[in-house]
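Observations on the model geometry
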Amino acid sequence: AKVYVTNYIKKNAETIIHNILHNGAYVYVCGDGNNMAKDVNQVLLDSLILYGNMSNNDALEFIQTLKAKRRYCLDIWS
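Quick summary incoming for the structure in this document. (Residues numbered from 1 in each chain as written. Predicted model: local features only at pLDDT ≥ 70, side-chain atom pairs only at ≥ 80, totals over all residues. Heavy atoms only, no water.)

**Focus on unusual backbone geometry**
As a rule of thumb, non-glycine residues mostly have phi less than zero, and peptide bonds are mostly trans rather than cis. Stated precisely, the cut-off is as follows: Helix numbers and strand numbers start at the N terminus; a helix is a DSSP run of H or I with at least 4 residues, a strand a run of E with at least 2. With a 1.4 Å probe rolled over the protein chains alone, any residue whose accessible area is under 20% of its type maximum counts as buried; one over 50% counts as exposed, and the rest are partly exposed.
Positive phi values are uncommon outside glycine, yet Asn53 reaches one of about 50 degrees. If you trace the backbone, Asn53 turns up in the loop between helix 3 (36-51) and helix 4 (56-68). At Arg70, a position not held by glycine, the phi torsion is positive, near 60 degrees. As for its placement among the helices and strands, Arg70 is situated in the loop between helix 4 and strand 2 (72-77). What makes Arg70 exposed here is its relative accessible area of 65%.

Spelled out as structure tokens, the structure:
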């Protein structure tokens, strides 16, 4: 069975979100921009809502802030 990065994020979402919110962790996404990057973004968004106790809008704004601060970096291609 294929295992994707999103599977690992879901499995470790609580720890990942804790590290992003409280320990200044960075997120680096490298790969396919057509599907994978969008899927990773959605899983992070869902995880922020669930484990970061954020609304959908707050999570979207937080992701934009991470990108602006270069803590969410994308190296993607299509």
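After presenting the structure, the write-up continues.
**Quick notes on the packing of aromatic side chains**
Stated formally: Geometry of aromatic contacts follows a simple scheme: Phe, Tyr and Trp rings, the Trp one being its six-membered ring, pair when their centres are within 6.5 Å, and the pair is stacked under 30 degrees between planes, edge-to-face over 60, tilted otherwise. For a ring to carry a charge above it, either NZ of a lysine or CZ of an arginine must fall within 6 Å of the ring centroid while also lying within 35 degrees of the normal to the ring plane.
Evaluated as defined, the whole model comprises one aromatic pair. Judged by centre distance (6.2 Å) and plane angle (10 degrees), the rings of Tyr26 and Tyr28 are stacked. With a relative accessible area of 63%, Tyr28 lands in the exposed category. A cation sits over an aromatic face here: Lys67 above Tyr72, 5.2 Å from the ring centre.

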